[in-house]
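This is what each chain is made of:
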Amino acid sequence: MKRLPILCLLLWLCALFYVGIYLFVSGFLLVRLEVNRTSACDDVLQPSGAQRDFCGAKPRFRRTLLLVIDALKIDFARYDPANKTPRPYENKLPVLEEMTSLRPTHSRLYPFRADPPTTTMQRIKGFTTGSLPTFIDVGNNFASSAILEDNIIHQFGQIGKRLVFMGDDTWENLFPKKFQRSLPFPSFNVKDLHTVDNGILQHLYSTMVGEDWDVLVAHFLGVDHCGHRFGPDHPAMGHKLTQMDGVIRAVMERLQNDTLLVVMGDHGMTDTGDHGGESQKETDAALFLYSPTPLFPGPPSQSEPEVVPQTDLVPTLALLLGAPIPYSNVGQVLLPLFPADGQTEGAAVGLSQLEALWVNVKQVNRFLETYSSMARDIPSESLAALRAHFSRLSTAYLASSPASSPASSQELVESMQAYLTAVRETCRATWARFNPLKMAAGLVILALACLLCFLVSQASGALGAGGRGLLTVPVATAAAVAACAAAGQVFARGSVELAWCLAPAVFVSELVMLPKHWSGSAHHLLPPLLVAGLRCASLLSDSYVIAEGRVVTFLLLSLGLYVPVRLHWDGHLLPPPHDPQKPPAGLLPPPPPAAVVRRESCVLLGCLGLLVGGAYLSLSFHACREEQGACQPSPFLSPLSRMRDSRLKNLHYGLSLAALGLWTHLLRRWLRHYGNLNASGGAVLVARWALPLVAVCLGLHWAVSATPEDSFRNLAELIGVAQVALPRTAFALLGLGMVLLWADPLTVFLKTRDPLPARGSHAAAPPPPPRYRASTGISPHAELQHLIPQIYQRMRRSLEDSEQPAGREVDTRPAVEAYGLGTVYSAPLLLLCGLLGLGLLLLHPEGMAVSFLLLLLEMGALLHIHASAMSLAGLQGVHSSDFSVPWTPVVLWSLASSQFFHATGHLPTFPSIQWAAAFVGFPGGHTGTLLPASLVVLNTFSSHILFAVACPLLLFWPLVCEVRGGGGGGGGGGQGQDEGEDAVMEMRLRENPQQFSSALLQLSTRYLTILGAQVLASVCAAAVLRRHLMVWKVFTPKLMFETSGFLVSSVFLLVGVSLVLRVDLAVGRWFRRLLPDSSR
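The rules behind these values
Residues numbered from 1 in each chain as written. Predicted model: local features only at pLDDT ≥ 70, side-chain atom pairs only at ≥ 80, totals over all residues. Heavy atoms only, no water. Helix = DSSP H or I, 4+ residues; strand = E, 2+ residues; numbered from the N terminus. Buried < 20%, exposed > 50% of the residue type's maximum accessible area, 1.4 Å probe, protein only. Contact = heavy atoms within 4.5 Å. Areas by Shrake-Rupley, 256 points an atom, 1.4 Å probe, with all protein chains shown as cover. Axes fitted to C-alpha atoms, helices over the stretch in contact; angles between N-to-C directions. Parallel < 35°, antiparallel > 145°, perpendicular 65-115°, else oblique. Left-handed = near helix turned anticlockwise from the far one by under 90°. Core = buried A, V, L, I, M, F, W, Y, C linked by side-chain atoms within 4.5 Å. Pairing = 2+ DSSP bridges. pLDDT = per-residue confidence, 0-100. Salt bridge = Lys/Arg side-chain N within 4 Å of Asp/Glu carboxyl O. Patch = residues over 30% accessible without salt bridge, like charges linked within 9 Å, V, L, I, M, F, W, Y side chains within 5 Å. Disulfide = S-S within 2.5 Å.

**Let's talk about the overall build of the chain**
Thinking step 1. For the chain, the helix and strand inventory stands at 37 helices and 10 strands.
Thinking step 2. Looking at the chain as a whole, 56% of its 1080 residues are labelled buried.
Thinking step 3. Counting contacts in the chain only where the partners sit at least 6 residues apart, residues at least 24 apart contribute 81% of the total.
Thinking step 4. For the chain, the exposed surface amounts to about 43,600 Å²; the carbon and sulfur share of it is 61%.

Next comes the structure, spelled out in structure tokens:
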């Protein structure tokens, strides 16, 4: 078997897809151009006036206190006295209602609307710079990097304000060395509700009464973490909000007259406590403003804004405290905080509404002119309209005078507000900017990669026969083209961009490879590829993407039902009718036994029923998107710690334990049945001990995690240790098991026979039956079906015949009995899937154990449907000559992978990401970002991982199941089984190594073709619909998840193929050690 060429070819094909994805994403998800300029007090904004624009007027406030309560949604801040039965999060902040009612001139409460993505780092960036984030910024929430753009923190420092910070350590990463004093606390452990908040409270009040600060930022995290851990509708949320109510009261009591209090949330949360998307529940936070001195001219009026965009906080705070507005700000000042024109009483009150707006308008116009000259991506028509609008505003403002009528002043204010709104909306639309050339290059390379993968799968026989020089020409050509492209860029512009080196290199290498492989059979392609095409076409519709879980389930069941229909159409599902008048067939082979055909048909239909039942049950584990208004998320998605009903909690825990036990039992039962647990190697050690020990660790970990914090106080320390030790022990056992499995993957046990006594000697008693059985609890006859003696018969036949000593009877018994050799390839692969499944289940909520069990059962059903279909075709004389796996089971396999992505509680949306997976075994948080990001990726794409690793089982399963009948199923090599010969199962692959290589390559490339086609469809949807209303809400997240899923699937497909090649290498060495030199 040619191992290295197969692996290299698959790596090269995957690399083609990776380059195509990289090119498209780099052209589609561009970060907007940041204008690295800063404002200063002596800046002169055009058209210039008599006084300085920035820092000219006396600031209204000397100090400000920013109290940031993470995830303080507006619903938490409202108070309804008529609500007699409030939910846990309702009416818990009465202080806000009291202040706005009793002291309306001192306070206001506004909905505070964030721009998506609603993750903490992007929100801090938004309300400190006044700019709009780009979609791709969501990926930086794992690793917050310093803000280089001009921001309000920098401006406060420039004018000499003393800044003090305490709370979420994200601020320290975003604004390094900007604070005079900083007390950061780790923020990423969402299970910790109190450390950050209690740390702030230890220092907040003592700092407030001191005189060594001008700007104090306190960022509380308990509300956000409580939402992530328990959801908003939980008593813990009520306790945390009540604590925040007390904090706000205590802060207001200590405020001085020259201090402005800003209480704000950075984003909201969904009904499940998540955030990151753009639903109104996620974007609408709360903004509460208060000052001991009158802050507003009167009670709220109809002219006040209903919603305050978060970007508006930046220019408002800057002008109230006498700082320059940050250079890139596109927000507008909050007018109610400034006195109306004509009501000013000298410099003590600062700027009037008209003056503040005029400074704001000139600052935004300066940014617009600078940005448009650098980026040149704002449409010329929009830019011309904005310039004309600003020109009219300038003329009107310069022509106005203090004696102007209030009506004309109000008209000018409204015109300025309209201008600022128009600029912000123009920037919002423009910053979804694309690079069409890179997008087109990525599309072309992805399309060619899909085509090439398809052609390779159809011509795998010729490619499998190729040697190591198969990739020499494409790789050499790609390297030469890349070098030429790099040299051309250096000469043309003095720098090299990686994208434009990769694009031509990969494109040319694909063209070089394409013409060689236009051959290959294409029988029965239409139905499975039609279903795959429908799956891809559905990605172009936002409605189908929203309902993707049910769409994929429907396509899976439709294609599954096609299998028996096709077999019946071809006359293979039922035994042929017996015709007594029909003459003997002569030399034709006899018809297959009717009982065997019926048995195979029953197995197929039974597994099809299992597939249908498992698919419908899996719908009970789906989550809900915001767009699915009437949808209720599965109760199994909630961790046991969130459940307050103890009986329901015990029921869920019992179901989870039962599913976990069945998962382990079924895997060990299969291995024992085929004799793979009789050996003593590393893989068998893993199956015997590591698998059940990991399952025990999981069950104990679930029990410990479900324990309420207020119970077992005497054992709190022990429970804390167990929350760390149990999952880490499971991780260690899984890692050790995988290392042992890779080092010693064989699960074969040998038993040699004793020689027969010499002729004439006293006959000895017949030898007892073998003490080592292939399985436990089955008959010796069934045991013999799982032995592979004839392989060694064939190997030693010549040696036994030529070296038979005189006076000895010819011994026709097997020389060696080998247990587990018939499943030598599939057993390690199945064991690896079992280990990975337990590890991935550890990263999910406990209720997902039932879904994982359904995944295992559905995987087995698909394998048996495929094996039975092959067996029925073989029984009717339709033999496969090359072990090839048809397209239908490959498409079914890929659909099942997508189906269980949804059935494990995931959705292609950012709010649905299960961030709690990052803290399994690490409740105290992480020092870096690589490990938590990896755990979240493993959690999100668990179904992709399991189905990709197990994909080679589609090749082995018909051979494993050929033991059920004579003459069918295994096929391969054009060599049917000899009459009376036992089934050789997977050893048939060893007899035909060339066809083994070709079949493994074909299966892998077919699976890559299906996955690549789905990525291509998502890419086309994002490209074609890039101006669609739902592009950032539906199509772009789907693109991100689809490409990430492909990357994960391809990597683990290579892992599965590599394990098969490792087993093949070990089997070859085992044979060489077994046979004496004279018999080779």
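**Notes on unusual backbone geometry**
A negative phi angle characterises most non-glycine residues, just as the trans form characterises most peptide bonds.
Thinking step 1. With an omega dihedral of -5°, the bond running from Gln46 to Pro47 counts as a cis peptide bond.
Thinking step 2. A positive phi angle is found at Cys55, which is not glycine, with a value near 65°.
Thinking step 3. With respect to the helices, strands and loops of the structure, Cys55 is situated in the loop between helix H1 (3–28) and strand E1 (63–69).
Thinking step 4. A positive phi angle, close to 60°, is found at Asn91, a residue other than glycine.
Thinking step 5. Residue placement: Asn91 occurs in the loop between helix H2 (74–77) and helix H3 (94–102).
Thinking step 6. Accessibility expressed as a relative area gives 16% for Asn91, which makes it buried.

**Some words on the packing of helix H30 (residues 848–875) against helix H34 (residues 953–960)**
How two helices sit against one another is set out by the angle between their axes and by the gap between those axes.
Thinking step 1. Two elements in contact, H30 and H34, have axes whose closest approach is 8 Å; the angle formed by their N-to-C orientations is 55°. The angle between H30 and H34 falls in the class oblique. In this structure, H30 crosses over H34, and the sense of that crossing is right-handed. Facing H30, whose interface residues are Leu863, His864, His866, Ala867 and Met870, H34 presents Leu953, Leu954, Trp957 and Pro958.

**Describing the nonpolar core**
Thinking step 1. Within the largest apolar cluster, 200 residues are counted, with the highest numbers of intra-cluster contacts made by Phe28, Leu698, Val824, Tyr825, Trp893, Leu955 and Tyr1007.
Thinking step 2. With 21 residues, helix H37 (residues 1031–1074) is the largest single contributor of residues to this core.
Thinking step 3. Beyond its immediate sequence surroundings of up to four residues, Leu955 is in contact with Phe883, Val885, Phe996, Ala999, Leu1000 and Leu1003.
Thinking step 4. Counting 75 residues, the second-largest nonpolar core is a separate cluster that includes Val68, Phe156, Val423 and Trp431.

**Some thoughts on the sheet that holds strand E2 (residues 107–113)**
Thinking step 1. Reading across from one edge, E4-E3-E5-E1-E6-E7-E2-E8 is the order of the 8 strands in this open sheet, with mixed pairing throughout. The open sheet has two edge strands, strand E4 (181–185) and strand E8 (308–309), and neither has a second partner.
Thinking step 2. With 5 bridges connecting them, strand E3 (residues 163–168) and E4 associate as parallel partners. Bridging from a neighbouring strand, Met166 pairs with Leu183 of E4.
Thinking step 3. Contacts from H3 reach E2 and strand E7 (284–290) within the one sheet, and its direction differs from that of E2 by about 125°.

**Brief notes about the confidence of the model for the chain**
Residues shown with low pLDDT carry predicted positions that ought not to be read at fine detail.
Thinking step 1. Per-residue confidence for the chain gives a mean pLDDT of 83; residues scoring 70 or more make up 84%.
Thinking step 2. Across the chain, helix H33 (residues 942–949) holds the top mean pLDDT of 97, while helix H27 (residues 780–785) sits lowest at 39.
Thinking step 3. In the predicted structure, residues 963–982 sits below a pLDDT of 50 and forms 56 contacts with residues beyond four places in sequence or in another chain.

**Regarding the pattern of salt bridges**
Thinking step 1. Evaluation of the coordinates by the stated rule reveals 26 salt bridges.
Thinking step 2. As a salt-bridge pair, Asp245 and Arg249 come within 2.9 Å of each other at their nearest N and O atoms. Of the two residues, Asp245 and Arg249 are both situated in helix H10 (residues 235–254); the distance of 4 residues between them amounts to about one turn of the helix.
Thinking step 3. Relative accessible area serves as the criterion here: at 29%, Arg249 is assigned to the partly exposed category.
Thinking step 4. The residue Lys438 makes a salt bridge to Glu497 at a minimum N-O spacing of 2.5 Å. Taken together, the residues span a long stretch of sequence, with Lys438 in helix H16 (residues 436–458) and Glu497 in the loop between helix H18 (472–493) and helix H19 (499–513) at a distance of 59 residues.

**Some thoughts on a nonpolar patch on the surface**
Thinking step 1. A surface patch of nonpolar side chains, amounting to about 220 Å² of accessible area, comprises Val444, Phe507 and Leu511.
Thinking step 2. Secondary-structure assignment places Val444 in helix H16.

**A closer look at the state of the cysteines**
Covalent bonding between the sulfur atoms of two cysteines is what defines a disulfide.
Thinking step 1. Scanning the model with the defined rule gives 2 disulfides in all.
Thinking step 2. Disulfide pairing places Cys41 opposite Cys55 at an S-S distance of 1.9 Å. The sign of the -60° torsion about the S-S bond sets the Cys41-Cys55 disulfide as left-handed. You can see Cys41 sitting in the loop between H1 and E1 and its partner Cys55 sitting in the loop between H1 and E1, a full 14 residues away along the chain.

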